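Reading the structure
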Amino acid sequence: MLRPEDRDLVEDIRAADWAARVQVVLCADARLGMGHSLACGARAAAQRGWDRLFVALGDMAWVQPATLAILQDALANANGPAIVQPVHDGEPGHPVGFSRDYLPRLMALSGDQGARPLVRGAAAGLIRVPVVDAGVLEDLDTPPTD
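Since we're looking at a predicted model, the values are computed, not measured. (Residues numbered from 1 in each chain as written. Predicted model: local features only at pLDDT ≥ 70, side-chain atom pairs only at ≥ 80, totals over all residues. Heavy atoms only, no water.)

1. Here we look at unusual backbone geometry
Heads up, the rule is: Put simply, DSSP marks the helices as runs of H or I at least four residues long and the strands as runs of E at least two long, and each gets a number from the N terminus on.
Omega for the bond connecting H94 with P95 falls within 30 degrees of zero, at 5 degrees, which places this linkage in the cis form. The topology assignment puts P95 in the loop between β3 (91-92) and β4 (96-99).

2. A few points about the layout of surface pockets
Rules: Method remark: on a 1 Å grid restricted to protein atoms, a set of points is classed as a cavity if a 1.4 Å probe fits but cannot get out and as a pocket if it is open with protein on both sides within 12 Å along at least five of seven lines; lining residues have an atom within 4 Å of a point. Grid points are joined across faces, edges and corners, and a volume is the space filled by probe spheres set on the points. Note that Gly is not counted as nonpolar here; it falls among the polar residues with everything else outside the nonpolar set of Ala, Val, Leu, Ile, Met, Phe, Trp, Tyr, Cys and Pro and the charged set of Asp, Glu, Lys and Arg.
The space that makes up the second largest pocket amounts to roughly 440 Å³. Contributing elements (two or more residues each) for the lining of the second largest pocket: α2 (34-47), β4 and α5 (116-120). Among the elements that take part in the lining of the second largest pocket, α5 stands out by supplying three residues, more than any other. Its residues placed into classes, the lining of the second largest pocket shows nine nonpolar, five polar and four charged.

3. Things to note about α2
Where we set the bar: Expected helix span is given by 1.5 Å per residue-to-residue step, counting one fewer step than there are residues. Note on exposure labels: buried denotes an accessible area under 20% of the residue type's maximum, exposed denotes more than 50%, and partly exposed covers the range between, all computed with a 1.4 Å probe on protein chains only. It only takes one pair of heavy atoms within 4.5 Å for two residues to be counted as in contact.
With 14 residues, α2 should cover 20 Å at 1.5 Å per step; its first-to-last C-alpha distance of 20 Å lies within 8% of that length. Of all 14 residues in α2, ten are buried; the element is thus mostly enclosed. The set of residues buried in α2 consists of G35, H36, S37, L38, A39, C40, G41, A42, A44 and A45. For α2, the elements touching its buried residues are β1 (52-55) and α4 (103-107).

4. Re the packing of aromatic side chains
One pair of aromatic rings is described through two measures. These are the centre distance and the angle between the planes. Heads up, the rule is: Working definition: a ring pair exists when centres of Phe, Tyr or Trp rings (six-membered ring for Trp) sit within 6.5 Å. Plane angles under 30 degrees give stacked, over 60 give edge-to-face, the rest tilted.
In the structure shown here, the tally under the stated rule is one aromatic pair. Aromatic side chains F98 and Y102 sit 6.2 Å apart centroid to centroid with 65 degrees between the ring planes, which places their arrangement in the edge-to-face category. Classification of F98 by relative accessible area gives buried; the value is 1%.

5. Quick word on the pairing of β1
Using the following cut-off: Strand pairing is defined by DSSP finding a minimum of two bridges between the two strands.
Because side chains alternate across β1, one face comprises the buried residues L53 and V55, and the other comprises R52 and F54, none of which is buried. Both β1 and β4 contribute to a ladder of four bridges, which runs antiparallel. In the sheet register, R52 faces β4, and the bridge partner there is S99.

6. Concerning the environment of A44
As for its position among the elements, A44 is in helix α2. Taking the relative accessible area as the measure of exposure, A44 reaches 8% and is therefore buried. In this structure the C-alpha to C-alpha distance between A44 and E91, which are 47 residues apart in sequence, comes to 30 Å.

Below is the structure:
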């Protein structure tokens, strides 16, 4: 998902060798906060008939493909409404996956809080998946700690 002012990146994405696996959504309300951006993405997922949605933060570039596969399998095999969250060394991370049952709640988000309240309120529907991939915690904006 991109902001309208990032429209020029669309051509760069279309030229990439992985472009066939990506659908770009421009979110006019992105400037209003993370909740608006997530709602825009959830609406796009619902319109496409997707059965699950992962929220992957663009500044978390070190998540390994194997971790993504583990999380996708966990969500695909969940029974009932589910949220899947990776956990590394006891710390919850990203990306976070949501079953289709959560799309209406994601579409209703606004402001800058994001989906954190949905994750906190998931109770038995929250599936925490232990992973060895520290990339689920590391982002480009925060220097690594040693």
